[in-house]
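Tertiary structure, described
Spelled out, the chains give:
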Amino acid sequence: MNPSDFTTDPTGRLADLAAALRESALAAVAADGTGPPAGAAAAERLATALGYCRLYGLDPGADDGTLPVPVAVAAAGRLADDLELWAAEADRLGARWDTADGPDAADDLAAGLLTARTDALAALTAIDEAAEAGGSAALDRAVDALAGPLDRFDDALERHADILSTLLDTPLLDEWARRLTDPPPWWVGDGLRAAAARVMAAPAEVARPPIPDPGPEVLMAADPARPHARPGVTLTWVSPDGAFRAEVIIPDPVDDRTELPVNLTRRADDRPATELAGKVVEVGVPRTIDAGRVVVTLGDLRAAGPPAVLRVSGEGWVYTPGGEA
Amino acid sequence: MTTVTAEVAREVGRLDPAALIAAPRAAYRACRRLGGLARYWLTEGVLAAAAGYAPHLAGLFAPVRAREDGRPGDCWVVGGRADPLPLFGPGSVLPVRWRPRSDALPDHSPDLPDGLRALAGRVRDDLGRVLEGRKADPAGWVLDWSDQVRADPVRLAVGADVLPVESGWAAAAVGLLSAVDGLGTDLRVWASGRWGAGGLGEVGLVREKLLTAARMEATAVFVPVWQAAAAAGLAPPAVAVRPLAAPADRTPATALRDYLAAVTRRPPPPDPAADEAEQAAQFARCRAYYLTHPAARDDGFYPSHLLPAIARRFRAAVDARHPGWAPTHLTTVVSLNWAVAFLAAAGSGARRVLLLHTDDPKQREAAETCRRRLAGWWAERQVDGTAELVPFPRDGGGAAIAAAHARFVDGVAAGRAAVDLKPGTKRMTYDMSRLARPGDWLFNFDTRFLPDAGPDPGTEVPEVWQEVG
């Protein structure tokens, strides 16, 4: 890209459209919308690029137009497949996000899924435009077939709105908030805030921590063949702003009286969250955080619910499945 | 089960120890990515940080240092690194153990690196003749992680590029011999030596291994003899460098002899209260120690660990070979090796023993020792036995011996006295052989000798014949 390109196409979407239109694989799309995978992928890229132009209110000039019906059908078919994949990825977001190698990698996971959702919106915009411009019965069926995967993707994203909300006030979401205004999609700005609030306020709808059954009262010290307990389940809760995590590693074997540290650490650098000193963690009996830690027992966790939302001085920290081992 | 791939090993190894110590959660995660090997590979600071994060799991992060209480078959293979990874330092230990092959472990553990399993196979081949001498089937032993790693299991899927193990041959070989011999190992004594068609081979990264030895609190490292002088110059003060022999005969047994003696630990004496099979196993361990530790010939090991059991077996052999033979009186000569006279007295079953000895202080001391041991032997069996010491002059003592014996057997019925021909000089044996009255018994025992190892304990065979005059 040269400097003049940047001034005339700051989002790069016009260039994307131009590139998508030049893809030779588009020619492989048959009249009924079928064809090789490369053709469907090229069709989807064209639909996405054109859809972004519509969403952002850009003028493609000579590249403007409506998707040919076969291309729209192929794009819809490919988009349906992608939506299923993205939905599956979104289902695993909690585990993958919490085991990501550092906060940057965790942000990339969340941002990747939101980008996929916005790409889907763009592609749908262009595909719908083709359907409304005349379309065909095949295109109508292809559009109808998108509803299920799209709902699954949205459901999975909404369940992780608390995690996704950690991207609020980032340049990516700010850009979308400014450009996607008619109407703003739920995963941008206030919509995402509201979804995150729903997740945190409705613990019954989020995953609940799996608390293992206690072992025999006489712990392994009496068994020389098993001198050490090993990590069993790890439970992790994340603060609403995404800055902190609370983590408790439940050993195996364990009994109800085993004292378990709940470590509160900064997600940015894994260090103890000393800034939380004096705050109160509510698991059964309230406990005051000291040096980034409170101590509970398995019995406390069992008696408390177990807590899908950990209350830290009144704030709800949401349990995220797939805590690290 | 934790799986450590080469990628994981490199990724974790590149972590900054100081950063992990400052971020205990990261230290905990790094440790858990190494499973049971973390305790061996990581510094105390990192392990302490991990233990601080999970104090209820602190046992997983207790640093392992070299100790003398390894079990039979335990050995540590040490690998050095030319480009040390910050977290692992210049080298890493692989704690392994030779175990009897079983249905549960029909071959070398699949959780070990391929290179280490291949090395284990070569060790078995290389020690074929040595094991044959011990009547052990090489295929009956397989290499596995140590018990400590098994308790926090890990599969180490790395190649020689990450952790070369060729120089672990000596450690693995001695580990196998300790397993076969049933002898515990001193894990503070390390070796770096490889074996090939030309015998003992040169090893690399000696400095890195010595530094690792110091960190793990090892006390000695054996290296090929021609590398020992240079290695001694590189060794930290707490680590002694000792030579692995490079014998002209190119036999592993000779190359490993000193290292084996330094590593294998002294077993406890056989327990007379144990059942027969256990006693036999205990005796076999003591015998193996005696045969592989030259120092054991002079440090009291034989009388404390072997002689009581030999005497019991010898007595049983006398009963089996000469049923009904029951002398009441035995005359013998005590040499500096008082155990020979003791064995004859204990084996004969006689309750009255004449202990003849030359009249110098050392012989008197040996005779006194023999008498004390016999008193103990009889007391254990609630036998009313007595031993009498009589000195005789070294030169021309034949008459004194004859007089003492005549007085000793005065009034004893013919056929109830025996004369031991085993100890003493040939002259003494001649003089003793003339003591027996018609009807009395002459007594001797034979022992199998091992090349370079002297009498083989436990092979004593009694011989008894009657003086017909």
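Residues numbered from 1 in each chain as written. Chains lettered and ligands numbered in written order. Predicted model: local features only at pLDDT ≥ 70, side-chain atom pairs only at ≥ 80, totals over all residues. Heavy atoms only, no water.

With that out of the way, let us pick up the interface of chain A and chain B. If you look at the interface, chain A gives 24 residues, while chain B gives 21 residues. Both faces combined, the contact of chain A with chain B buries some 1800 Å², and carbon together with sulfur accounts for 55% of it. For the pair chain A and chain B, the number of links is 2 salt bridges. Of the charged contacts, one joins Asp270(A) and Arg25(B) as a salt bridge, the two residues approaching to 2.9 Å between their closest N and O atoms. Looking at the side of chain A that touches chain B, the elements with two or more residues in it are strand E1 (230–238), strand E2 (244–252) and strand E3 (259–266) of chain A. A total of 5 residues in the side of chain A that touches chain B trace back to one element, the largest contributor, which is E3(A). (Contact = heavy atoms within 4.5 Å. Buried area = accessible area lost by both parts, 1.4 Å probe. Salt bridge = Lys/Arg side-chain N within 4 Å of Asp/Glu carboxyl O. Helix = DSSP H or I, 4+ residues; strand = E, 2+ residues; numbered from the N terminus.)

Okay, the packing of helix H13 (residues 276–292) of chain B against helix H14 (residues 301–321) of chain B next. All names here are of chain B. Running from N to C, H13 and H14 cross one another at 135 degrees; their axes reach a closest spacing of 10 Å. Between H13 and H14, the angle is such that the two are oblique. In terms of crossing hand, the pair formed by H13 and H14 is left-handed. On H14, the residues that touch Gln279, Phe283, Cys286, Arg287, Tyr289 and Tyr290 of H13 are Phe301, Tyr302, His305, Leu306, Ala309, Ile310, Arg312 and Arg313. When its residues are assigned to classes, the contact of H13 with H14 shows 9 nonpolar, 2 polar and 3 charged. (Axes fitted to C-alpha atoms, helices over the stretch in contact; angles between N-to-C directions. Parallel < 35°, antiparallel > 145°, perpendicular 65-115°, else oblique. Left-handed = near helix turned anticlockwise from the far one by under 90°. Nonpolar A, V, L, I, M, F, W, Y, C, P; charged D, E, K, R; others polar.)

Under the definition given, this model contains 2 cavities of 30 Å³ or more. What the largest cavity holds in volume is close to 70 Å³. As for the largest cavity, its lining consists of 13 residues, of which Cys75(B), Trp76(B), Leu187(B), Val189(B) and Tyr259(B) are closest to the centre. Residues of the lining of the largest cavity, tallied by class, amount to 9 nonpolar, 2 polar and 2 charged. By volume, the second largest cavity is sized at about 30 Å³. Lining the second largest cavity are Trp97(A), Asp162(A), Ile163(A), Thr166(A), Met200(A), Val238(A), Ser239(A), Pro240(A) and Val318(A). (1 Å grid on protein atoms, 1.4 Å probe; cavity = no way out; pocket = protein on both sides within 12 Å on 5 of 7 lines; lining within 4 Å. Points joined across faces, edges and corners; volume = space filled by probe spheres on them.)

All names here are of chain A. Over its 20 residues, helix H3 (residues 37–56) runs 28 Å from end to end, which matches the ideal 28 Å to within 8%, given 1.5 Å per residue. Counting buried residues in H3 gives 15 out of 20 residues, a clear majority hidden from the surface. Among the residues trailing H3, glycine 57 stands out with phi positive, at a value near 70 degrees. (Expected span 1.5 Å × (residues − 1). Buried < 20%, exposed > 50% of the residue type's maximum accessible area, 1.4 Å probe, protein only.)

The next point concerns the sheet that holds strand E11 (residues 329–333) of chain B. Residues and elements named next belong to chain B. Taken together, the 6 strands give an open sheet; going across it, the order is E13-E12-E11-E14-E15-E18, and neighbouring strands pair in mixed fashion. The open sheet terminates on both sides in strands that have one partner only, identified here as strand E13 (386–392) and strand E18 (461–466). The mean inter-strand angle of the sheet, taken between neighbouring strand axes irrespective of direction, is 25 degrees. Alignment of strand E15 (residues 441–446) against E18, held across 6 bridges, turns out to be antiparallel. Each residue of the ladder has a partner; that of leucine 442, found in E18, is tryptophan 465. Against the sheet, helix H15 (residues 338–348) engages E11, strand E12 (352–358), strand E14 (417–420) and E15, with an angle of about 170 degrees to E11. Strands E11, E12, E13 and E14 of the sheet are contacted by helix H17 (residues 398–408), whose axis makes an angle of about 165 degrees with E12. (Pairing = 2+ DSSP bridges.)

With 98 residues, the main nonpolar core has Trp41(B), Leu42(B), Phe61(B), Trp98(B), Trp190(B) and Tyr259(B) as its most contacted residues. If we skip the residues at most four places from it in the chain, Trp41(B) touches Leu34(B), Leu87(B), Phe88(B), Ser92(B), Val93(B), Leu94(B), Leu156(B), Leu163(B) and Arg215(B). In this structure, Leu67(A), Leu150(A), Phe153(A) and Val318(A) belong to the second largest nonpolar core, which totals 69 residues. (Core = buried A, V, L, I, M, F, W, Y, C linked by side-chain atoms within 4.5 Å.)

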